[in-house]
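Chain by chain, the residues:
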Amino acid sequence: MQGTNTQTLQHRYNKLKTEREPFLQRAKEAAKLTIPSLLPDEDCFIDSGARSFEQPHQSIGADGVNNLSSKLSLTMLPPNDTFYKFDVDKVKLKAAAEINGSDPAQLDEEVTKGLTNIEQILKNTIEEHGDRVVVGEATKHLIVAGNVLLIDIKGQGLKFYPLSRYVCKRDYIGNVLEVITVESIAFKVLPDEIKELIIKNSNNTEDIEDKSFNLYTGFIRTTRNWKVYQEVEGIKIEANQGTYPLYTSPCIPLRFTRIDGESYGRGFIEDYYGDLKTLDCLSQCVNEASLAAAKSIFLVNPTGVTKIKTLARTKNCQFAVGRLEDVAALQSGKYNDLQVASERANVIEKRLSRLFLLASAVTRDAERVTAEEIRFLKSQLEEALGNVYSILLQEFQKPYLSLKFFHLRKDIRRMPNILNDKNVSITITTGVQALGRTAEIQKMDIWIGAMSQVAPLISALGMDVQTIGDRYAQGIGLNIDGFFIDKQELQKQAQDQQGYDLVKQSAPQLINQMGKLADTQQKQNFEQATNKEQI
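The structure presented is a predicted model; accordingly, all values stated were derived computationally and were not measured.

(A) Seen up close, the sheet that holds strand 5 (residues 176-186). Spatially, 4-5-6-7-8 is the arrangement adopted by the 5 strands of the open sheet, whose pairing is antiparallel. The sheet terminates laterally at strand 4 (166-170) and strand 8 (235-245), the two strands that pair on one side only. The sheet shows a mean angle of 15 degrees between the axes of neighbouring strands, taken without regard to direction. Note: strand 4 against strand 5, 5 bridges, orientation antiparallel. Following the sheet pairing, Cys168 is matched in strand 5 by Val179.

(B) Region of the structure containing the pairing of strand 4. In terms of burial, strand 4 is largely enclosed, as 4 of its 5 residues are buried. The antiparallel pairing of strand 4 with strand 5 creates a hairpin that spans 5 residues between the two strands, and Gly174 there sits at a positive phi of about 105 degrees.

(C) View of the confidence of the model for the chain. Here the chain averages 81 in pLDDT, and 80% of its residues register 70 or above. Segment residues 1-5 is flagged for pLDDT under 50; beyond a separation of four residues in sequence, or across chains, it makes 16 contacts in the model.

(D) Inspection of the nonpolar core at higher detail. Core analysis: the biggest nonpolar cluster contains 89 residues, and Phe86 and Ile269 have the highest contact counts within it. If near-sequence neighbours (up to four positions away) are discounted, Ile269 is found in contact with Ala30, Thr34, Val65, Ile143, Val144, Leu276 and Phe356.

(E) Fine view of the sheet that holds strand 9 (residues 251-255). One open sheet holds the 3 strands; their spatial order is 3-2-9, and the pairing between them is antiparallel. Of all the strands in the sheet, the pair left with one neighbour each is strand 3 (157-161) and strand 9. Looking at each pair of strands side by side, their axes are set apart by 25 degrees on average, direction ignored. The pairing of strand 2 (residues 147-153) with strand 3 spans 5 bridges and is antiparallel. Bridge pairing in strand 3 places Leu150 opposite Phe160.

(F) Examining the pairing of strand 6 (residues 212-221) more closely. Examined bridge by bridge, strand 5 and strand 6 share 9 bridges and lie antiparallel to one another. Within strand 6, the position partnered with Ile180 by the bridge is Gly218. In this sheet, strand 7 (residues 225-232) lies alongside strand 6 in antiparallel orientation, the contact comprising 7 bridges. Bridge pairing links Arg221 to Trp226 in strand 7. A loop of 3 residues connects strand 6 with strand 7, the two strands running antiparallel in sequence.

Criteria and cut-off values
- Residues numbered from 1 in each chain as written.
- Predicted model: local features only at pLDDT ≥ 70, side-chain atom pairs only at ≥ 80, totals over all residues.
- Heavy atoms only, no water.
- Pairing = 2+ DSSP bridges.
- Helix = DSSP H or I, 4+ residues; strand = E, 2+ residues; numbered from the N terminus.
- Axes fitted to C-alpha atoms, helices over the stretch in contact; angles between N-to-C directions.
- Buried < 20%, exposed > 50% of the residue type's maximum accessible area, 1.4 Å probe, protein only.
- pLDDT = per-residue confidence, 0-100.
- Contact = heavy atoms within 4.5 Å.
- Core = buried A, V, L, I, M, F, W, Y, C linked by side-chain atoms within 4.5 Å.

In structure tokens form, the structure reads like this:
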């Protein structure tokens, strides 16, 4: 156990906060126009239920963030499927089989089966820990603030920290060097040794059992490994220290955009803050003016013959004494001005809907819109996030897979370290292609439809259908292994079909001949029986 020291995690955290501050302020401004509860103005650890937030005057921001978050989380962790695939080098596997004198096909089947089992074990671990829920919440922060921190706790799964709860330090090319988090922890759950030191160093111990303290967790990269340790009130908790291999980062700080030389990223909302701010102001003006216009006030001429009391007492469909000129409804006369503001707000809302990939952006305002048109527009909008998918591939999916596999190998000692095996290749899918089985079925539909149209022409020109089919499948990212039957098998099936057709053609003649033979045999039997009776 160590006492307090000058270079504590708290001191280092406060030092790195200066670099984080401009990014945090921009993130808070972005949250005010989308989902204010993501990053409140208060940095203290108070219950979110006790906070009050000023809600924006439009909902397109929150709707867009939730929609983008859903799309990103589905591609990062596809449901009922894996975003990774393990495979082995077929050439090296065949060479190893020849050296060992084993059957290459059987060895390939056994290795593939083993890799598939590891894939399923990893998938079940992810499902059991409920990481998809945490990733869904983290992507909201990633879109709004541009930064979020994920930590995988062994046996519990992922935990995320908003930008206001951690600091990060990277080198110029983006390698993470240091991460420090802060969170509140109750005095009652601290180890007894830490409690004693806190009481010893504290000047005021009154009601200390009900107090909470800031717990700082440091993830420091060294030349050999990652070091992890925690501190409370400058006191290091030795029981919570640990190390990780250099290739397995214990924390995953995510960025929406990657800029060399900056430790933090910029959010999606920051790029379109102007449109959101303008739409929010216009929506506020239109809403307030609409409420004012909805208020019904009637003016009565004070020098006229019509009495206010008479009008107030008169019921519906009754008669009252008065003049029509004495009564008039109060009008603001701002209809044209509000029409301009409303039209401008609609233009901005349509533009933001397209940027947020909302369903309304892919549906043309017309009587007939084909499904193919919607599919095309949707794919075009999805491709706009291509750069984001590439960043998430490098900064989330690969580190996340490495960290999960590291924890899994601690539970299953005999599991081979395939991530560091040069003979095993890892394929990670991202973007719309990571949506699992549905995307695979769509590719098959496209491939089958295209081949059914061009196959007759290819055969007529004397071209190889299988070769062209392979090239087309590679272009759309579809694996068609096993789709085509081997040529020898085709010849065998053709011969079998010819034999079947021959039997089918000759079957009626054989049946007629057998019928004639049967009739002849019957006649002979009958004649013999008749001759015996005559004798």
